[in-house]
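Survey of secondary and tertiary structure
So the chains spell out like this:
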Amino acid sequence: MERAFVSLLLCFAASSIAHAGEESDCRSLLTLDEVASAVGGAAELVSANKRGEVDTGSVERQRLQVCSWAASSAVGGGVNIDVLPSVEPAAIAHALEVVAFPLDERRERHWTESHQDFGAVRCSSLSPPQPSNVQPQVTGCVGEVNRAALYVGVASRMGRPTFDLVKRLFDEAAARL
């Protein structure tokens, strides 16, 4: 009887440990076809990781999830996602600042910016201060989705990614959160 109880307890513990690692990550938020459509050709996932801990208002500090896909062609460009998947309401503003870092970084370098809002989703398009074949133009959207802070950005050397394109990717990623 004791052996059966211990076996049952071990099964529950193993199940809990297995499910603990099943937290969805940013790789599942976009398909390769969606990314390829955004960059105008084949693309591949080049990075998927978690970075520093962020205060999200909950007891457990979360790590920022960051995923990057790059165009497979010489044209360049790519798609980036930053997400904090579970944020307490009081910490949303801070979480949105954290995931918007790719845009803020360019603002600090005095890139030219235009923006368009889609309800609570704020999109910005930034271009290098000098025309460049090396530095891509970047358009990104930031917003809250189901208590998650989400950034989706598209970079291109061939022209400015449109707000509609990036907002469509944002919506596709948001639907999978």
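Everything discussed here concerns the structure shown above.
Given the structure is predicted, the values throughout are model-derived calculations rather than measurements. (Residues numbered from 1 in each chain as written. Predicted model: local features only at pLDDT ≥ 70, side-chain atom pairs only at ≥ 80, totals over all residues. Heavy atoms only, no water.)

Notes on the state of the cysteines
This structure, assessed with the given rule, holds 2 disulfides. The disulfide partner of cysteine 26 is cysteine 67, and the S-S distance across this bridge is 2.0 Å. In this structure the cystine formed by cysteine 26 and cysteine 67 twists about its S-S bond by roughly 80 degrees; its chirality is therefore right-handed. Within this pair, whereas cysteine 26 is found in the loop between α1 (2-20) and α2 (32-39), its partner cysteine 67 is found in strand β2 (residues 62-71), the two being separated by 41 residues in sequence. Side by side, cysteine 26 and cysteine 67 carry an identical accessibility label, which is buried. Two residues share a disulfide in this structure: cysteine 123 and cysteine 141, whose sulfurs sit 2.0 Å from each other. Here the disulfide of cysteine 123 and cysteine 141 is right-handed, its torsion about the S-S bond being about 105 degrees. Highlighted residues: cysteine 123 in strand β5 (residues 121-127) and cysteine 141 in strand β6 (residues 137-145), separated in sequence by 18 residues. In this pair, the class of cysteine 123 matches that of cysteine 141, namely buried. (Disulfide = S-S within 2.5 Å. Helix = DSSP H or I, 4+ residues; strand = E, 2+ residues; numbered from the N terminus. Buried < 20%, exposed > 50% of the residue type's maximum accessible area, 1.4 Å probe, protein only.)

Some thoughts on the pairing of strand β3 (residues 78-84)
Within β3, 6 of the 7 residues are buried, leaving the element largely enclosed by the surrounding structure. As judged from the 6 bridges shared by β2 and β3, these two strands associate in the antiparallel manner. Looking across to β3, one finds that tryptophan 69 is bridged to valine 79. Pairing of β3 with strand β7 (residues 148-156) involves 7 bridges; the strand directions are antiparallel. Paired with isoleucine 81 across the strands is valine 152, a residue of β7. (Pairing = 2+ DSSP bridges.)

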